[in-house]
Amino acid sequence: MTGRIRNYYAGGNTAKGFYSLFDSALKGLEKLYILKGGPGTGKSTLMKSVGETFTDQNMNIEYLHCASDNGSIDGVILTDYKIGIVDGTAPHVIEPKAPGVIEEYINLGVAWDSEKLSLHKEDILALNKKISDTYETAYDTFAASLRAHDEIEDVYISNMDFTKANELTEELTGRIFGQKQLEKEPTIRHRFLGAATPNGAEDFIQNLTEDIDKRFFIKGRAGSGKSTMLKKIAAAGESKGFDVEVYHCGFDPNSLDMLIIREQSIAIFDSTAPHEYFPDRDKDEIVDMYGRCIKPGTDETYAKEIERTTKAYKNKMKEAISYLSEVKSLRDELESYYIGAVDFSIVNEIRDDLIDKIQKWIAR
């Protein structure tokens, strides 16, 4: 028997640039190990190894995945013991709250041969510059895609019945929380359920909701009020003392894609592309925002305008993903210089020492 694993993102490549929710994801930890070291020094591999060690001991963990590399993670949290390990290098630099007390730095740079690296100084500097420039191009392209997406939203917003949208929100809020009021300070966690990655859009909805009893699948168009409804339900849950997991949109972090209220075993999420799912459990239920809140015939009336803006949005998204893929290739090239200069036996010693520290912390 192994522990439960949950997967999500704490940072994303978005239309607003790189957007970090690490502060929220790591909030409340009693011990946090911050890994330092260049690309290719084994940070992700080390964290995965630690995660596997403790899930094999039947401990529950969370993996914070990397939006820029589908095969890497940015962090791992042992949730039962409030212990975390995180990659503390750019772009997700972690500011310690109590250095030496809560946070402890681990420098993997001690495992590399600086003389070997210095032989490739100019190549490394050039690659770093190209990576930075390509990221900026990707973010600019995501922003252009968001502008096209906003045009699609304008069509539906102008044809929305806001009274019906508010009625639906109140109805769902009542079904989710009932008349319950919990007399405690709620914990609100902000995360990403998915991300734009070098391999395209990825999400962890199924993993995050696998043990949830009741799931609401919100269907609708861009601008049909899905995110606004989720924000209102989240606020209601917080006011009633419920812990709420708030999952932001990996494309537009100002929008929400999902809420999970584990105390009620309920999830409600935007179930449209690129994270479109359909009910496959007895208690799953569709919430049709278009049918309930949008003027009938809107799709047909504005078909040409919707087709034009949707095409522009999808084309820009595809272009932006291609830049992320280019960044991944450049990062792989950069990592090759570090991999060739790292003594991984030292990294393994650091990993074993870290596992020992965590085991002692747990047993104290």
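Looking up the protein chain in an unreviewed UniProt entry gives the name ATPase, with the organism given as Pontibacillus marinus BH030004 = DSM 16465.

K.L.:
Looking at this structure, I do not really get the nonpolar core. What am I missing?
P.N.:
One recurring pattern in soluble globular proteins: nonpolar side chains tend to sit buried together. Judged by nonpolar contacts, the single largest core of 57 residues is most densely connected at Phe142, Leu259 and Ile268. The dominant element in this core, judged by the number of residues it contributes, is helix α4 (residues 121-157), at 12 residues. Contacts of Phe142, omitting those with residues within four sequence positions, involve Asn13, Thr14, Ala15, Ala196, Phe251, Met317, Ala320, Ile321 and Leu324. Within the second largest apolar cluster, 28 residues are counted, among which are Tyr9, Ala25, Ala67 and Ile260.

K.L.:
Would you explain the pattern of salt bridges in this entry?
P.N.:
Oppositely charged side chains can form a pair if their charged atoms are brought close together. Counted by the stated rule, this structure contains 25 salt bridges. Residue Asp211 is joined to Arg262 by a salt bridge in which the shortest nitrogen-to-oxygen separation is 3.3 Å. Placement of Asp211 in the loop between α6 (205-208) and β12 (214-219) and of Arg262 in the loop between β14 (256-261) and β15 (266-270) is noted, with a sequence separation of 51 residues between them. Overall, the relative accessible area of 41% leaves Asp211 in the partly exposed class. Judged by its relative accessible area of 23%, Arg262 is partly exposed.

K.L.:
Help me understand helix α2 (residues 43-55), please; the structure alone is not making it clear to me.
P.N.:
With 13 residues, α2 extends 18 Å between its outermost C-alpha atoms, agreeing within 8% with the 18 Å of an ideal straight helix rising 1.5 Å per residue. Here α2 has its buried residues at Lys43, Ser44, Leu46, Met47, Ser49, Val50, Gly51, Phe54 and Thr55.

Thresholds applied
Residues numbered from 1 in each chain as written. Predicted model: local features only at pLDDT ≥ 70, side-chain atom pairs only at ≥ 80, totals over all residues. Heavy atoms only, no water. Core = buried A, V, L, I, M, F, W, Y, C linked by side-chain atoms within 4.5 Å. Buried < 20%, exposed > 50% of the residue type's maximum accessible area, 1.4 Å probe, protein only. Helix = DSSP H or I, 4+ residues; strand = E, 2+ residues; numbered from the N terminus. Contact = heavy atoms within 4.5 Å. Salt bridge = Lys/Arg side-chain N within 4 Å of Asp/Glu carboxyl O. Expected span 1.5 Å × (residues − 1).

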